[in-house]
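Spelled out, the chains give:
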Amino acid sequence: MNNEQILENIGQLVEEERSLRQRTGGLLPEELTRLAELEVQLDQAWDLLRQRRAKSEFGEDPDTAAVRPPAEVEAYRS
């Protein structure tokens, strides 16, 4: 996946997240679960993009960047 594809994926995830957040009357349990999944996927996608950009900046192969596990990406918030 290249940077453009990652950004496109981020855009799609943001649109779905926005759609869920704009619902009135509250979300169903499965929609709340999906919202939480979207937040994690967005964090992973942004992390992957940052990894790729850093590798490119320092002369490394950006294709060696990999999606990190949710637990690792979510731990950055601490």
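Our subject in this report is the structure included herewith. Because the structure is predicted, anything quoted here is derived from the model rather than measured. (Residues numbered from 1 in each chain as written. Predicted model: local features only at pLDDT ≥ 70, side-chain atom pairs only at ≥ 80, totals over all residues. Heavy atoms only, no water.)

**So, the side chain of Glu31**
Among the secondary structure elements, Glu31 is positioned in helix 2 (residues 29-57). Residue contacts for Glu31: discarding those within four places in its chain leaves Leu20 and Arg23. (Helix = DSSP H or I, 4+ residues; strand = E, 2+ residues; numbered from the N terminus. Contact = heavy atoms within 4.5 Å.)

**Notes on the packing of helix 1 (residues 3-21) against helix 2**
Between two packed helices, the angle of one axis relative to the other and the distance separating the axes together describe the packing. Across the interface, helix 1 lies against helix 2 with an axial gap of 9 Å and an inter-helix angle of 155°. When the axes of helix 1 and helix 2 are compared, the pair comes out roughly antiparallel. As helix 1 packs across helix 2, the resulting crossing turns out to be left-handed. Partitioning the contact of helix 1 with helix 2 into residue classes produces 13 nonpolar, three polar and eight charged. (Axes fitted to C-alpha atoms, helices over the stretch in contact; angles between N-to-C directions. Parallel < 35°, antiparallel > 145°, perpendicular 65-115°, else oblique. Left-handed = near helix turned anticlockwise from the far one by under 90°. Nonpolar A, V, L, I, M, F, W, Y, C, P; charged D, E, K, R; others polar.)

**Brief notes about the nonpolar core**
Core analysis: the largest hydrophobic core is formed by eleven residues, namely Ile6, Ile10, Leu13, Leu20, Leu35, Leu38, Leu42, Ala45, Leu48, Leu49 and Ala65. Contributions of two or more residues to this core are made by helix 1 and helix 2. Considering each element in turn, this core owes the most residues, six residues, to helix 2. Not counting residues up to four positions away in its chain, the partners in contact with Ile6 are Met1, Ala45, Leu48, Leu49 and Arg52. (Core = buried A, V, L, I, M, F, W, Y, C linked by side-chain atoms within 4.5 Å. Buried < 20%, exposed > 50% of the residue type's maximum accessible area, 1.4 Å probe, protein only.)

**Description of helix 1**
With 19 residues, helix 1 extends 27 Å from end C-alpha to end C-alpha; this agrees with the ideal 27 Å at 1.5 Å per step. When helix 1 is considered as a whole, its buried residues turn out to be Ile6, Ile10, Leu13, Glu17 and Leu20. Angular distribution of buried residues about the axis of helix 1 spans 85°; they occupy a single face of the element. Helix 1 presents Glu4 and Glu8 as exposed residues on the side facing more than 90 degrees away from its buried surface. Residues of helix 1 that are buried make contact with helix 2. Capping the start of helix 1 is the job of one residue whose side-chain oxygen sits 3.0 Å from the backbone nitrogen of Glu4: Asn2. (Expected span 1.5 Å × (residues − 1). Arc of directions from axis to C-beta. Polar contact = N/O pair within 3.5 Å; in protein donor to acceptor, adjacent residues only side chain to side chain.)

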